[in-house]
Amino acid sequence: MSQRTMDIRLMERHYKVNCPPGQEVALQQAADRLNKKLETIRGATKLSNPEQIAVMAALNLCHEFAQDEQRKQQYIVDLEEKLKLLQETLEQVMAEQRPGR
């Protein structure tokens, strides 16, 4: 399968990047999100070096990703607890419904 070359813009600079077929929209969304983060950092800090801004953006995005992963893991734990409680409740109800009681 051949790659498609796309032009993306980050901090007023254009980059040509390879993109797998069918992933153009996802790549553009990722580039837009990154560009927004870069512009936010540039506007909120005294940083002007594009490399420093890029490093700060990468750190911020990695931190956000880690927080999202932590929330997902807690959500899974909560769901597992609820499922266990539901299973215990169902087993109790089924035991009470057995003949001979």
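Now for a look at the structure at hand. (Residues numbered from 1 in each chain as written. Predicted model: local features only at pLDDT ≥ 70, side-chain atom pairs only at ≥ 80, totals over all residues. Heavy atoms only, no water.)

### Re the pairing of strand β2 (residues 13-19)
Phase 1: With seven bridges connecting them, strand β1 (residues 4-10) and β2 associate as antiparallel partners. Each residue of the ladder has a partner; that of Thr5, found in β2, is Asn18.
Phase 2: Hairpin connection between β1 and β2: a loop of two residues separates the two successive antiparallel strands, and Met11 in this loop has a positive phi of roughly 45°. (Pairing = 2+ DSSP bridges. Helix = DSSP H or I, 4+ residues; strand = E, 2+ residues; numbered from the N terminus.)

### Notes on the environment of Glu64
Phase 1: Structurally, Glu64 can be placed in helix α2 (residues 50-97).
Phase 2: Considering only alpha carbons, one finds Glu64 and Ser48, 16 residues apart in sequence, at a separation of 23 Å.
Phase 3: Discounting chain neighbours no more than four positions away, the residues touching Glu64 are Arg33 and Lys37. (Contact = heavy atoms within 4.5 Å.)

### Topic: the pattern of salt bridges
Phase 1: Tallied over the full model, the rule gives six salt bridges.
Phase 2: For Glu64, the salt bridge is made with Arg33, and the minimal N-O distance between the two is 3.0 Å. Of this pair, Glu64 sits in helix α2 while Arg33 sits in helix α1 (residues 24-44), and the two are 31 residues apart along the sequence.
Phase 3: Connected via shared salt-bridge partners are Glu12, Glu39 and Arg42. (Salt bridge = Lys/Arg side-chain N within 4 Å of Asp/Glu carboxyl O.)

### Quick notes on α1
Phase 1: Between its first and last C-alpha, α1 extends 30 Å over 21 residues, near the 30 Å set by a 1.5 Å rise per residue.
Phase 2: Here the buried face of α1 lies against β1 and α2. (Expected span 1.5 Å × (residues − 1).)

### A look at the packing of α1 against α2
The relative placement of two packed helices comes down to the angle between their axes together with the axis-to-axis distance.
Phase 1: It is the contact of α1 with α2, at a shortest axis distance of 9 Å, that shows an interaxial angle of 115°. In this structure, α1 crosses over α2, and the sense of that crossing is right-handed. Contacts between α1 and α2 pair Arg33, Leu34, Lys37, Leu38, Ile41 and Arg42 from the former with Ile53, Ala54, Met56, Ala57, Asn60, Leu61 and Glu64 from the latter.
Phase 2: Class assignment of the residues belonging to the contact of α1 with α2 gives a composition of eight nonpolar, one polar and four charged. (Axes fitted to C-alpha atoms, helices over the stretch in contact; angles between N-to-C directions. Left-handed = near helix turned anticlockwise from the far one by under 90°. Nonpolar A, V, L, I, M, F, W, Y, C, P; charged D, E, K, R; others polar.)

### Observations regarding the nonpolar core
Phase 1: With eight residues, the main nonpolar core is built from Ile8, Leu10, Met11, Ala31, Leu38, Ile41, Ile53 and Ala57.
Phase 2: Counting only elements with at least two residues in this core, the list comes to β1, α1 and α2.
Phase 3: If near-sequence neighbours (up to four positions away) are discounted, Ala57 is found in contact with Leu34, Lys37, Leu38 and Ile41. (Core = buried A, V, L, I, M, F, W, Y, C linked by side-chain atoms within 4.5 Å. Buried < 20%, exposed > 50% of the residue type's maximum accessible area, 1.4 Å probe, protein only.)

### Observations regarding unusual backbone geometry
Phase 1: Of note in the backbone geometry, Met11 takes a positive phi value of approximately 45° without being a glycine.
Phase 2: Assignment of secondary structure puts Met11 in the loop between β1 and β2.
Phase 3: Its identity is not glycine, yet Glu12 carries a phi of approximately 65°, on the positive side.
Phase 4: Among the structural elements, Glu12 can be located in the loop between β1 and β2.

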